[in-house]
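# Summary of structural features
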Amino acid sequence: MNQERIKELLENIRDGKVSVDRALERLRNLPFEDIGVAKLDHHRSLRTGYPEVVYCEGKSIEQIGSIAKVYVERRVNMLLTRAGDEVFRIVRQIEPGAEYNSEARCIWKTYDPLPECERPVVVVAAGTSDIGVAEEACVTAGTMGCRVEKQYDIGIAGIHRLLGVSEIFEKAGAIVVVAGMEGALASVVGGLTSRPVIAVPTSVGYGSAFGGLAALLGMLNTCAPGVAVMNIDNGFGAGYFAAVVCRDSCADK
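This structure is a prediction, so every number in the text was calculated from the model and none was measured.

### Focus on the overall build of the protein chain
Looking only at helices and strands, the protein chain has 10 helices and 11 strands in total. Rg of the C-alpha trace for the protein chain: 20 Å, near the compact-globule value of 18 Å for 253 residues, within the 12% margin. Considering only C-alpha atoms, the protein chain reaches an extent of 65 × 45 × 30 Å along its principal axes. Relative to its 253 residues, the protein chain shows a buried fraction of 47%. The long-range share in the protein chain, meaning contacts at least 24 apart out of those at least 6 apart in sequence, stands at 66%. Accessible surface, the protein chain as shown: approximately 12,400 Å² in total, 52% of it carbon and sulfur. Charge-centre separation for the protein chain: the mean point of 27 positive side chains lies 4 Å from the mean point of 32 negative side chains.

Printed below as a string of structure tokens:
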């Protein structure tokens, strides 16, 4: 339940459209609901502006189905990350309107769309192998009411590709840069723009890339100011943080 729904409920009580007992029933599961396999944080959207997101890895199909059922019944904006085809089949049985991006491994259903930001979130991927993580960032920012613009396969091995699209950076509310190998793309983008850059190292690369550790350390040691760094392969975290930054920049106008 978000601020708008609570405000509407209180106004309906004031106007006599909803009884106190009915309102109490609707508020009964705030701030959380214990369904046995999880304690669902229905209060989170009031505190942070966006509902709790479900990370599917490590959860059974039955557990995910139980969680999704409650989200659908409560009409809570739903985003499930690290979800595969089998999870999507289960969720579609519960909510036929659910959407799925197989590259991002994300499932979502939006009941209460957020107002769209004026500035877009720009998501940049160094190589085609980084697109899965980049798509996770795109889906996340999109479900949070941000318009997303993508630029893929513009890594520094062919830096002319990056320079050819660099004019879009100043139009962004925030920029997500996704890169594996040595992770240098984030520093280059950070040196080309005044906009905030959220860097995401990926686990793409040969042996000494150490599953993304080389990219992570390279990004953390960037000499370009204005670059924040997420965990390895954490497209969700990057998309979420980019959306928060973007929405704040729009709200300040």
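### Focus on the sheet that holds strand 7 (residues 121-125)
In space, the 5 strands of this open sheet follow the order 8-7-9-10-11, with parallel pairing throughout. At either end of the open sheet lies a strand with only one pairing partner, and these are strand 8 (148-152) and strand 11 (227-229). Here the strands of the sheet are splayed against their neighbours by 20° on average, with no regard to which way each runs. Examined bridge by bridge, strand 7 and strand 9 (residues 174-179) share 5 bridges and lie parallel to one another. From the neighbouring strand, alanine 125 faces strand 9, where its bridge partner is valine 178. On top of the sheet, helix 6 (residues 131-143) reaches strand 7, strand 8, strand 9 and strand 10 (197-201); it is set at about 170° to strand 8, its chief contact. The sheet contacts of helix 9 (residues 213-220) involve strand 9, strand 10 and strand 11, and relative to strand 10 the element is tilted by about 155°.

### Concerning the environment of tyrosine 111
Position of tyrosine 111 relative to the elements: it lies in the loop between strand 6 (106-109) and strand 7. A distance of 2.6 Å separates the side chain of tyrosine 111 from the side chain of glutamate 95, its partner in a polar contact.

### A look at the pattern of salt bridges
Here the idea is simple: oppositely charged side chains can pair when their charged atoms come close. Counted by the stated rule, this structure contains 10 salt bridges. One salt bridge in this structure joins aspartate 41 and arginine 44, with 3.0 Å as the shortest N-O distance. Aspartate 41 sits in the buried class, given a relative accessible area of 15%. Taking the shortest distance from any N to any O, the salt bridge between aspartate 153 and arginine 161 comes out at 3.5 Å. The structure contains a network of salt bridges with shared partners spanning Asp41, Arg44, Arg47 and Glu52.

### With respect to the side chain of asparagine 101
By secondary structure assignment, the location of asparagine 101 is in strand 5 (residues 99-101). Of the polar contacts made by the side chain of asparagine 101, one reaches the side chain of glutamate 135; its length is 2.9 Å. Other than its neighbours up to four places away in sequence, asparagine 101 contacts Cys106, Trp108, Glu135 and Val139.

### With respect to helix 5 (residues 85-94)
Those residues of helix 5 lying buried are Val87, Phe88 and Val91. Burial along helix 5 is one-sided: seen end-on, the buried residues are contained in an arc of 95°. For helix 5, exposure combined with an orientation more than 90 degrees from the buried face picks out Arg89 and Gln93. Of the surrounding secondary structure, the elements contacted by the buried residues of helix 5 are helix 4 (61-74), strand 4 (78-81), strand 5 and strand 6.

### Observations regarding the pairing of strand 9
Looking along a regular strand, one sees side chains alternate from face to face of the sheet. Burial of strand 9 is extensive: 6 of the 6 residues sit out of reach of the surface. The side-chain alternation of strand 9 yields two buried faces, one formed by Ala174, Val176 and Val178 and the other by Ile175, Val177 and Ala179. Pairing between strand 9 and strand 10: 5 bridges, direction parallel. Directly across from valine 176, in strand 10, lies its bridge partner isoleucine 198. Handedness of the crossover joining strand 9 and strand 10 through helix 8 (residues 185-190): right-handed.

### A look at the packing of helix 4 against helix 5
The geometry of helix 4 relative to helix 5 is characterised by a closest axis approach of 10 Å and an angle of 35° between their N-to-C directions. Two packed elements cross with a definite hand, and for helix 4 against helix 5 that hand is right-handed. Here Ile61, Ile64, Gly65, Ala68, Lys69 and Val72 of helix 4 lie close against helix 5, whose contacting residues are Glu86, Val87, Ile90, Val91 and Ile94. Of the residues in the contact of helix 4 with helix 5, the class split is 8 nonpolar, 1 polar and 2 charged.

So, how was this worked out
- The written sequence of each chain sets the order in which its residues are numbered from 1.
- Owing to the predicted nature of the model, reporting of local features is limited to residues with pLDDT of at least 70; listing and counting of side-chain atom pairs is limited to 80 or more, with chain, interface and lining totals taken over all residues.
- For the side-chain quantities, the full set of heavy atoms in the structure was used; hydrogens and water were omitted.
- Numbering of helices and strands runs from the N terminus; a helix is a DSSP stretch of H or I covering at least four residues, while a strand is a stretch of E covering at least two.
- Our radius of gyration looks at C-alpha atoms and nothing else; its globule reference is 2.2 Å times the residue count to the power 0.38.
- Burial classification: accessible surface area is computed with a 1.4 Å probe over protein chains only, and a residue below 20% of its type maximum counts as buried, one above 50% as exposed, and the rest as partly exposed.
- Contacts are residue-level and defined by heavy atoms, with any inter-residue pair within 4.5 Å sufficient.
- Note on areas: Shrake-Rupley, 1.4 Å probe, and residue coverage restricted to the protein chains presented here.
- Neither His nor the chain ends contribute to the count of charged residues, in which Lys and Arg are positive and Asp and Glu negative.
- In this description, the location of a charge corresponds to atom NZ of lysine, CZ of arginine, CG of aspartate or CD of glutamate.
- Criterion used throughout: strands pair if DSSP finds at least two bridges between them.
- Interaxial angle, 0 to 180 degrees, is taken between N-to-C directions of lines fitted to C-alpha atoms, where a helix line uses only the stretch in contact.
- Residues adjacent in sequence count toward polar contacts only when both atoms are side-chain atoms; beyond that, a polar contact is any pair of N or O atoms within 3.5 Å, and within protein one must be able to donate a hydrogen and the other to accept it.
- Salt bridge criterion: a side-chain nitrogen from Lys or Arg within 4 Å of a carboxyl oxygen from Asp or Glu.
- Taken from the helix axis, the directions to the C-beta atoms give the arc we talk about.
- Viewed with both strands pointing away, a crossover whose connecting path from the first strand over the helix to the second turns clockwise is right-handed.
- Here a crossing is taken to be left-handed if its near helix is turned anticlockwise relative to the far helix by less than a right angle, and right-handed if that turn runs clockwise.
- Classification convention: Asp, Glu, Lys, Arg as charged; Ala, Val, Leu, Ile, Met, Phe, Trp, Tyr, Cys, Pro as nonpolar; all other residues, Gly among them, as polar.

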